[in-house]
Amino acid sequence: PFVVRETDESKIWFKQDREFKKPKLCMRVRVHSPLLNGDTLSMTLTDLVINIFNDELSDSTWKFQQASLDYVASYSSSYQLFNGSNAIEFLFSGYNQKLHLLVETVLSKFKNLVISKEKFEINKEKYARQVQSVKKTQPYGHCGIVCTLFLCDKSVSFKDMDDALAKITYEGVVKQYERIFDKMYVEALFYGNIDQSTVHPYCELLDKYLIQCMKQKYTAKELENDRVGCLKLASKSNFCVSFKCPNEADANSCILTNFMFKADTVKDFAPLRLFVHLCTVPCFAQLRTKEQLGYIVWSYQRTTRGFLSFRVVVQSTVANPNKLNSRVEAFLKSFRAHIAQMSDGTFELNKRSVINTLLEKTKSIYEQNERYWTEIETARFQFSRNEKVAAEITKVTKKDVLAFYDAYISIEGEQRAKLTVQCYGNKHALSLDDEAGKNDPEWRFKDDGVVEWNVDDVAKVRDECGFYPFPYISGSIKL
């Protein structure tokens, strides 16, 4: 994609589809505003505004859906709200010939939304039930939420959500809707069966219902300055957050171990991606198949606010999180030998497998659109990301992977910074006084020198640790 229009208050991206050759178009719009996530109440009110907006549109967009013309308007999903989003997003997709009619219907309604007290009451009740349903999610979901709470600024806890829900009023929702237009910045992507000349009518709709309606510009520079990276975790340190599962009926406990790496670059991502590939099957085989700790055993890479990490997640009813932590560390300790003893031929085969996966073509216009939009949404703008990573992986040696392990995963690693999130189900006591664990020292396992945090400590932790600068700025590491 390339930029076809850029102003102080907007940026429009365009890419004509030449691969799938279908009469389809995807249009993504993102409306940024610092007034959406100033505090938890603002985020909650914004989410409720979008719920009411979708409710109001359901009747008028039904006919479009019958014609395979679809839209999604969202501020957050159940989990994304906890990430502190500052943008409302619109997705339009379907046959390009008539999609502009759906776009105008949705955006005109967004500009002229009238919130009735009846709709407010109905959707407030629905929203409260949605928040309660998130509390019923499985422990691995709670581990992810708490990990995000500590690593990302402006992310919120369940207590924050409950406090905000108690403060929601009809007048507050109406005022928050009006504030959306006080200050905004608009990004959009057009991808599909469309040429550059036919983008103009869609741009006019964006101007008419969004850009020309804003009271004050939220410039690209302001948006860039407001972005921050993830929480700074000191090297050669272990941190742990422990809590009881909000769903008191769940017997499962879970652990999420997060090993921080570096700011995301293609060169640094390549050894991490290969390490994850090498680790996935042995990790599952050892912790799930051999040790029978639980059905959920995952190991994967993660990018959080532009910073890379390696994660292991294990959910179990037969072991508490402390024992799970011990078993994860035992596996990782043994895994170095697995890599070191791997033959050169096997190592090269694994490299080729990763490269083939990265170079695999997308299978639909929607999948390709999602890949492009991810680069814009994250402000990374590496549209040839997979190809670049694949090329870099060809240069990665076994020595490089072992060097990554020794520095960031090993207990003796000079750069190791580990954050462990432990969720205790109803079968395991947070106080570690379970009868089942009296004869098992792993039941009380803790990392050496671990710094222990509570969920309520998050504000203090953020102040003490601070945050890294957002890495994808001013083209510093963009491709």
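Definitions and limits used
- Residues numbered from 1 in each chain as written.
- Predicted model: local features only at pLDDT ≥ 70, side-chain atom pairs only at ≥ 80, totals over all residues.
- Heavy atoms only, no water.
- Helix = DSSP H or I, 4+ residues; strand = E, 2+ residues; numbered from the N terminus.
- Rg over C-alpha atoms; globule rule 2.2 N^0.38 Å.
- Contact = heavy atoms within 4.5 Å.
- Areas by Shrake-Rupley, 256 points an atom, 1.4 Å probe, with all protein chains shown as cover.
- Buried < 20%, exposed > 50% of the residue type's maximum accessible area, 1.4 Å probe, protein only.
- Pairing = 2+ DSSP bridges.
- Phe/Tyr/Trp six-rings, centres within 6.5 Å; stacked < 30°, edge-to-face > 60°.
- Arc of directions from axis to C-beta.
- Polar contact = N/O pair within 3.5 Å; in protein donor to acceptor, adjacent residues only side chain to side chain.
- Axes fitted to C-alpha atoms, helices over the stretch in contact; angles between N-to-C directions.
- Parallel < 35°, antiparallel > 145°, perpendicular 65-115°, else oblique.
- Left-handed = near helix turned anticlockwise from the far one by under 90°.
- Nonpolar A, V, L, I, M, F, W, Y, C, P; charged D, E, K, R; others polar.
- Core = buried A, V, L, I, M, F, W, Y, C linked by side-chain atoms within 4.5 Å.

### Describing the overall build of the chain
- Each helix and strand in the chain was counted, giving 16 helices and 15 strands.
- What you see for the chain is a C-alpha radius of gyration of 24 Å, in line with the 23 Å of a compact globule of 479 residues.
- In terms of its C-alpha atoms, the chain occupies a principal-axis envelope of roughly 65 × 55 × 40 Å.
- Nonlocal contacts in the chain, meaning residues at least 24 apart in sequence, comprise 84% of its contacts between residues at least 6 apart.
- Summed over its atoms, the accessible surface of the chain is roughly 21,400 Å², and 50% of this surface lies on carbon and sulfur atoms.

### Some points on the pairing of strand 9 (residues 237-244)
- Counting buried residues in strand 9 gives 7 out of 8 residues, a clear majority hidden from the surface.
- Where strand 9 and strand 13 (residues 417-424) come together, 8 bridges link them in parallel fashion. Bridge pairing in strand 13 links asparagine 238 to lysine 418.
- Across 3 bridges, the pairing between strand 9 and strand 14 (residues 451-453) is parallel. Bridge assignment links valine 241 to a residue of strand 14, and that residue is tryptophan 453.

### Details of the packing of aromatic side chains
- Under the criterion given, the structure shown has 28 aromatic pairs.
- Seen in terms of ring centroids, phenylalanine 110 and phenylalanine 181 are 5.6 Å apart; in terms of plane orientation they differ by 45°. Their pairing is tilted. Here phenylalanine 181 lies in the loop between helix 7 (170-180) and strand 6 (183-192) and phenylalanine 110 lies in helix 3 (residues 99-111), a separation of 71 residues in the sequence.
- Measuring from ring centre to ring centre gives 4.8 Å for phenylalanine 261 and phenylalanine 404, while their planes differ by 80°; the resulting arrangement is edge-to-face. With phenylalanine 261 in strand 10 (residues 253-263) and phenylalanine 404 in helix 15 (residues 398-408), the pair connects residues that are 143 residues apart, well separated along the chain.
- Among the aromatic residues, those joined into a cluster by ring pairs are Phe259, Phe261, Phe275, Phe310, Phe331, Phe335, Phe404, Tyr405 and Tyr408.

### Overview of helix 6 (residues 158-167)
- When we look at burial in helix 6, the residues that qualify are Phe158, Met161, Ala164 and Leu165. For helix 6, the angular spread of the buried residues around the axis is 125°, confining them to a single face. Facing away from the buried side of helix 6 by more than 90 degrees, the exposed set consists of Lys159, Ala166 and Lys167.
- Contacts made by the buried residues of helix 6 are with helix 1 (40-57), helix 4 (117-135) and helix 5 (139-151).

### Here's the deal with the environment of proline 23
- Examined against the element boundaries, proline 23 turns out to sit in the loop between strand 2 (10-16) and strand 3 (24-32).
- On the basis of relative accessibility, which here comes to 41%, the residue proline 23 falls in the partly exposed class.
- The spatial distance from the C-alpha of proline 23 to the C-alpha of cysteine 254 is 46 Å, given a sequence separation of 231 residues.
- With residues near it in sequence (within four places) discarded, proline 23 still touches Gly94, Tyr95, Asn96 and Asn193.

### Overview of the side chain of aspartate 264
- Looking at the element boundaries, aspartate 264 is found in the loop between strand 10 and helix 10 (266-290).
- At a separation of 3.1 Å, a polar atom in the side chain of aspartate 264 contacts the side chain of arginine 380.
- A distance of 2.5 Å separates the side chain of aspartate 264 from the side chain of tyrosine 472, its partner in a polar contact.

### Quick look at the sheet that holds strand 10
- The sheet built from 6 strands is open, its strands ordered 11-12-10-13-9-14 with mixed pairing. The strands lining the two open edges of the sheet, one partner per strand, are strand 11 (296-304) and strand 14. Here the strands of the sheet are splayed against their neighbours by 20° on average, with no regard to which way each runs.
- Helix 11 (residues 321-340) contacts strand 10, strand 12 (307-316) and strand 13 of the sheet and is inclined by roughly 45° relative to strand 10.

### Let's talk about the packing of helix 10 against helix 11
- Closest axis-to-axis distance for the helix 10/helix 11 pair is 10 Å, and the angle between their directions is 125°. The angle between helix 10 and helix 11 places the two elements in the oblique class. Here the hand of the crossing between helix 10 and helix 11 comes out right-handed. Counting all contacts with helix 10, which are made through Phe275, Leu278, Cys279, Pro282, Cys283, Gln286 and Leu287, the residues of helix 11 involved are Arg327, Val328, Phe331, Phe335, His338 and Ile339.
- Of the residues belonging to the contact of helix 10 with helix 11, the class tally is 10 nonpolar, 2 polar and 1 charged.

### Some details on the nonpolar core
- Formed by 56 residues in total, the largest nonpolar core has its most connected members in Val29, Phe90, Phe92 and Leu210.
- With 8 residues, helix 1 is the largest single contributor of residues to this core.
- What leucine 210 contacts, discounting residues up to four positions off in sequence, is Val29, Val31, Leu107, Phe110, Phe181, Met184, Val186 and Leu205.
- Among the nonpolar cores identified, the runner-up in size contains 42 residues, and Leu293, Phe310, Ile339 and Val401 belong to it.

### Some words on the packing of helix 3 against helix 8 (residues 200-209)
- Between helix 3 and helix 8, the shortest axis-to-axis distance is 9 Å and the interhelical angle comes to 10°. On the basis of their axis angle, the class for helix 3 and helix 8 is roughly parallel. Residue-level inspection shows Leu99, His100, Val103, Glu104, Leu107, Ser108 and Lys111 of helix 3 in contact with helix 8, the latter providing Tyr202, Leu205, Leu206, Lys208 and Tyr209.
- The residue inventory of the contact of helix 3 with helix 8, partitioned by class, reads 7 nonpolar, 2 polar and 3 charged.

### Regarding the pairing of strand 10
- Within strand 10, 9 of the 11 residues are buried, leaving the element largely enclosed by the surrounding structure.
- Inspection of the sheet shows strand 10 paired to strand 12 by 9 bridges, in the antiparallel sense. Across the sheet, the residue bridging to asparagine 258 is arginine 311, located in strand 12.
- In terms of strand pairing, strand 10 meets strand 13 through 6 bridges, oriented antiparallel. Bridge pairing in strand 13 places isoleucine 255 opposite glutamine 422.

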